[in-house]
Amino acid sequence: MSAVNDELMEVQDKGKNIKVDQSNQLDKSSLLNQTNDEDKELDGFAGFGFSEGLINTLSKKGYKEPTPIQKAAIPELMLGRDLLGQAQTGTGKTAAFALPLLERIDAKERHPQVLVLTPTRELAMQVAESFKAYSEGHPNINILAVYGGSDFRSQLYSLKKGVEIIVGTPGRVMDHIRQGTLVQEALQCLVLDEADEMLRMGFIDDIEWILEQLPDERQMVFFSATMPNEIRRLSKRFLKDPAEITIKSKKKEAQLIKQRYITIQNSYKLEVLKRVLELSFGEGVIIFARTKAITIKLAESLEAAKHNVAVLNGDVPQNLRERTVERLRQGGIDVLVATDVAARGLDVERIGLVINYDMPFDSEAYIHRIGRTGRAGRNGEAILFISPRERSYLSNLERAVGQAIEKMEIPTNEIINKHRIEKIKKDLLATASSETKNTTESTMLQEVIKQVEDELELTPQEIALAAINLSIGENSLLIDNDEGWINQAERFRKGNDRRDSRGRNRREHGITDKDKERFRVEVGHRDRVKPGNIVGAIANESGLNGRMIGRIQIFDNYSLIDLPKGMPPNIFKNLKRVKVMNKELNINHYS
Ligand code: AMP
């Protein structure tokens with residue numbers, strides 16, 4: 001199965017008109033022509049001129065066809081050419097550079113020949129793992145990942161023993177070069193992976209320093225999801241006559257993911273999260289939160305709600321991170337609560353749903369987040385929680401992904417209960433039809449059923465019911481939580497939208513006298529409050545458009561404010577606790 005949908009990708013090979021090294025007996029067009037020839041043997045990866053060992057490894061991994069970036073990049077890299085590639089994770093770009101570089105390594109020379117720089121430790125490990133997986137047919141090639149947070153001494157030991165391929169983060173690679181433990185003089189190839197991300201993380205000077213240390217005669221490959229000026233500048237300075245390849249897949253890839261949003265006030269986010277999670281069992285879920293503190297708060301709440309959950313944030317030590325990702329991959333964890341940085345490059349196939357609990361920083365971050373699902377050609381879903389005030393950002397995201405992000409309703413008790421019953425049915429069917437229970441045990445249990453039937457004079461149906469109740473445990477199967485807030489919030493917002501559109505042309509506030517009610521809040525001049533502070537806080541918590549907030553009069557100890565009639569009690573209750581200038585509003589009706 002291809003990791004990407006080939007038809008949805010557009011390959012621009014700007015390098016086509018650039019001369020290929022003529023001293024080499026094979027040029028790119030002849031390689032490509034061979035693949036198109038009637039010779040079926042040369043289909044797929046065989047057309048690149050790979051060794052038999054590598055072809056076998058790829059076929060064992062189930063790779064049938066090269067992805068577009070591989071088709072375009074591999075022939076160039078096999079020829080030793082420099083390359084500037086624009087492609088995201090998920091396009092198969094790791095194999096695009098790893099396969100040809102592996103083939104060009106001289107395993108008899110026990111010194112570093114290939115250096116790959118990545119922005120994060122996670123990506124360094126992942127890329128090193130890919131190299132290891134692809135090098136099965138090259139038993140003498142040693143690969144080492146070097147990154148901060150891992151044991152320096154064991155890295156030194158491996159470096160001394162001799163490695164051919166090093167994958168590392170810039171800081172740690174610099175340390176090794178400075179100490180002379182990574183001898184860069186004989187390096188033949190350097191790959192800069194996710195160059196724009198390195199720039200964003202502030203590594204640009206380190207990278208430039210590392211590039212300056214390399215020998216003059218070497219191959220250099222840059223991969224970047226976007227092409228900011230700084231990366232262009234670096235490529236002009238360091239790449240020699242590079243092949244340029246652009247895979248325009250970002251939007252198209254995002255389009256394979258079903259994307260929806262839920263408008264929700266901050267105070268109900270956690271409740272909505274639990275409801276959404278109920279409806280998604282089976283596959284892995286990643287929840288993105290803005291801060292480390294929020295990841296922890298969420299994980300604790302979800303654990304209490306009996307989810308298999310783990311946290312991935314910058315405070316989690318490296319070895320635990322590795323274990324966490326592995327457990328997620330194996331199904332030991334179903335829900336991962338992560339910050340953006342910690343989850344960069346995460347590639348776990350079974351992620352079926354990404355929840356943007358907090359709004360992403362920008363559309364790049366959104367695309368990266370949702371790209372954690374829909375891996376390796378699978379379907380994926382993404383849900384975005386937005387507060388009423390953040391609604392205006394939605395169109396930016398829609399533009400970035402090139403499709404509409406659909407509205408999703410908050411799952412009601414009825415929907416959740418239906419789902420729970422369906423699940424019980426499914427579980428019963430699965431258990432009844434499975435043959436895993438050993439027969440002696442089953443015979444004994446049948447005996448128990450018979451005894452219960454006789455002793456208590458119960459029908460088989462009554463016994464089955466008791467057994468189901470036993471498996472459900474103490475809590476009741478169905479929920480009956482107050483859900484008035486779902487409808488109230490919706491009604492209030494709709495009323496607000498209607499009033500808003502009626503009053504769109506008015507220069508004054510959007511509410512008329514008869515639509516409004518006056519409230520008192522307990523902040524005033526002595527707290528140095530300004531009208532904007534009050535408007536901001538109320539709009540944020542209530543979901544009201546700022547224009548719907550009427551006149552504000554500020555007095556010494558308190559302020560009066562006009563708001564649309566019909567505020568739902570739950571919003572009213574939440575507003576009481578909202579703090580402005582570090583004081584609770586403690587809002588009340590004012591007559
Ligand atoms: P990457 O873009 O390097 O992060 O790769 C994305 C995923 O696609 C990884 O899980 C790879 O193992 C997988 N992959 C890469 N190339 C191929 C291919 N030609 N066929 C099938 N899967 C692939």
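Structural data are supplied above this passage.
Criteria and cut-off values
- Once a new chain begins, its residue numbering starts again from 1 and follows that chain's sequence as written.
- Local features are withheld for residues below a pLDDT of 70 in this predicted model, meaning they are given only at 70 or higher, and side-chain atom pairs are given and counted only at 80 or more; totals for whole chains, interfaces and linings count all residues.
- Note that the side-chain values use all heavy atoms of the structure and ignore hydrogens as well as water.
- Runs of E in the DSSP output that reach at least two residues are strands. Runs of H or I that reach at least four are helices, and both are numbered from the N terminus.
- Residue exposure (1.4 Å probe, protein chains only): buried if accessible area is under 20% of the type maximum, exposed if over 50%, otherwise partly exposed.
- Shrake-Rupley sampling with a 1.4 Å probe provides the accessible areas, and residues are treated as covered by the protein chains on show and by no other component.
- Note on contacts: a residue pair qualifies if any of its non-hydrogen atoms lie within 4.5 Å across the two residues.
- Given a helix with a known number of residues, its expected span is that number minus one, times 1.5 Å.
- To be clear, the arc concerns the directions from the helix axis to the C-beta atoms.
- Angles run from 0 to 180 degrees between N-to-C directions of axes, and those axes are lines fitted to C-alpha atoms, restricted for helices to the stretch in contact.
- When describing relative orientation, an angle under 35 degrees is termed roughly parallel and one over 145 degrees roughly antiparallel, while 65 to 115 degrees is termed roughly perpendicular and anything else oblique.
- Definitions for this section: a left-handed crossing has its near helix turned counterclockwise from the far helix by less than a right angle. A right-handed crossing has that turn clockwise.
- Ten residues, namely Ala, Val, Leu, Ile, Met, Phe, Trp, Tyr, Cys and Pro, are considered nonpolar, four, namely Asp, Glu, Lys and Arg, are considered charged, and the remaining ones, Gly among them, are considered polar.
- Think of it this way: DSSP has to see at least two bridges between two strands before they count as a pair.
- Salt bridge, as used here: a side-chain nitrogen of Lys or Arg that lies within 4 Å of a carboxyl oxygen of Asp or Glu.
- To qualify as a nonpolar core, a set must consist of buried Ala, Val, Leu, Ile, Met, Phe, Trp, Tyr and Cys residues joined through side-chain atoms within 4.5 Å.

Participant: Explain the overall build of the chain residue by residue, including any values.
Facilitator: Within the chain one finds 22 helices and 21 strands. Each of the 591 residues in the chain was classed as buried or not, and the buried ones make up 47%. Roughly 29,800 Å² of accessible area belongs to the chain as shown, and the carbon and sulfur atoms make up 49% of that amount.

Participant: Run through the environment of Tyr261, naming residues and quoting values.
Facilitator: With respect to the helices, strands and loops of the structure, Tyr261 is situated in strand β9 (residues 257-263). When the C-alpha positions of Tyr261 and Ile410 are compared, they lie 9.8 Å apart, and in sequence the two are 149 residues distant. With residues near it in sequence (within four places) discarded, Tyr261 still touches Leu384, Ile386, Arg391, Leu394, Ile405, Glu406, Lys407 and Met408.

Participant: Could you give an account of helix α14 (residues 318-330), naming the residues involved and the relevant values?
Facilitator: For α14, which comprises 13 residues, the first-to-last C-alpha distance of 19 Å matches the rise-based estimate of 18 Å (1.5 Å per residue) to within 8%. Among the residues of α14, those classed as buried are Gln318, Arg321, Thr324, Val325 and Leu328. End-on, the buried residues of α14 take up no more than an arc of 115 degrees, which puts them together on one face. α14 presents Asn319, Arg323 and Gln330 as exposed residues on the side facing more than 90 degrees away from its buried surface. The secondary structure elements touched by the buried residues of α14 are α5 (121-134), β11 (309-312), β12 (335-338) and β13 (351-356). Note on α14: the residue one or two positions beyond its end, Gly331, has a positive phi of about 95 degrees.

Participant: Mind laying out unusual backbone geometry, listing which residues take part and the relevant values?
Facilitator: Residues other than glycine seldom take positive phi values, yet Lys306 does so here, at roughly 70 degrees. We classify Lys306 as exposed; its relative accessible area is 72%. One non-glycine residue, Glu457, adopts positive backbone phi at about 50 degrees. Its place among the elements puts Glu457 in the loop between α18 (439-456) and α19 (460-472).

Participant: Please provide a residue-by-residue account of the packing of helix α6 (residues 152-161) against helix α7 (residues 170-179), values included.
Facilitator: Two elements in contact, α6 and α7, have axes separated by 12 Å at closest approach and are oriented at 55 degrees. The pairing of α6 with α7 is recorded here as oblique in orientation. Considering only the axes of α6 and α7, their crossing is right-handed. Here Phe152, Gln155, Leu156 and Leu159 of α6 lie close against α7, whose contacting residues are Arg172, Asp175, His176 and Gln179. Grouping the amino acids of the contact of α6 with α7 by side-chain chemistry returns 3 nonpolar, 3 polar and 2 charged.

Participant: Which residues make up the pairing of strand β2 (residues 83-86), and what are the values?
Facilitator: Relative to strand β7 (residues 219-224), β2 runs parallel, the two being bridged by 4 bridges. The partner of Gly85 across the bridge, within β7, is Phe223. The sheet contact formed by β2 and strand β8 (residues 243-247) spans 4 bridges and is parallel. Across the sheet, the residue bridging to Leu84 is Glu244, located in β8.

Participant: Tell me about the sheet that holds strand β16 (residues 516-521), and name the residues and values.
Facilitator: Pairing is antiparallel across the open sheet formed by 4 strands, whose spatial order is β17-β18-β16-β21. One side of each edge strand has no neighbouring strand; the edge strands of this open sheet are β17 (552-554) and β21 (588-589). Pairing between β16 and β21: 2 bridges, direction antiparallel. Considered in β21, the bridge of Arg520 is made with Asn588.

Participant: Hey, could you go over the environment of Ile463 for me, with residue numbers and the actual values?
Facilitator: Considering the arrangement of structural elements, one finds Ile463 in helix α19. Taking C-alpha positions, Ile463 is 9.9 Å from Lys450, a pair spaced 13 residues apart along the chain. For Ile463, the residues in contact, after removing those within four places along its chain, are Ile449, Val452, Glu453 and Leu458.

Participant: Could you give me a rundown of helix α15 (residues 363-370), with the residues and numbers involved?
Facilitator: Most of α15 is tucked away, with 6 of its 8 residues classed as buried. The complete set of buried residues in α15 reads Ala365, Tyr366, Ile367, His368, Arg369 and Ile370.

Participant: Which residues make up the pattern of salt bridges, and what values do they have?
Facilitator: Evaluation of the coordinates by the stated rule reveals 31 salt bridges. Residue Asp334 is joined to Arg350 by a salt bridge in which the shortest nitrogen-to-oxygen separation is 2.7 Å. Within this pair, whereas Asp334 is found in the loop between α14 and β12, its partner Arg350 is found in the loop between β12 and β13, the two being separated by 16 residues in sequence. Among the residues examined, Asp334 registers a relative accessible area of 25% and is labelled partly exposed. The shortest N-O distance in the salt bridge between Asp454 and Lys450 comes to 3.9 Å. One end of the pair, Asp454, and the other, Lys450, are both in helix α18, 4 residues apart, so they sit about a helical turn from each other. In this structure Lys450 comes out as partly exposed when scored by relative accessible area, which is 44%. Residues joined in a network through salt bridges with shared partners are Lys93, Asp193, Glu194, Glu197 and Arg344.

Participant: I'd like a rundown of the nonpolar core, residues and numbers included.
Facilitator: Membership of the largest hydrophobic core comes to 43 residues, with the highest contact counts inside it found for Phe50, Phe97, Leu99, Phe131 and Ile165. The residues contacting Phe97, other than those within four sequence positions of it, are Leu77, Val116, Val127, Phe131, Val191, Asp193 and Phe223. Core analysis: the next-biggest nonpolar cluster, separate from the first, contains 30 residues, Met174, Met198, Ile207 and Ile210 among them.

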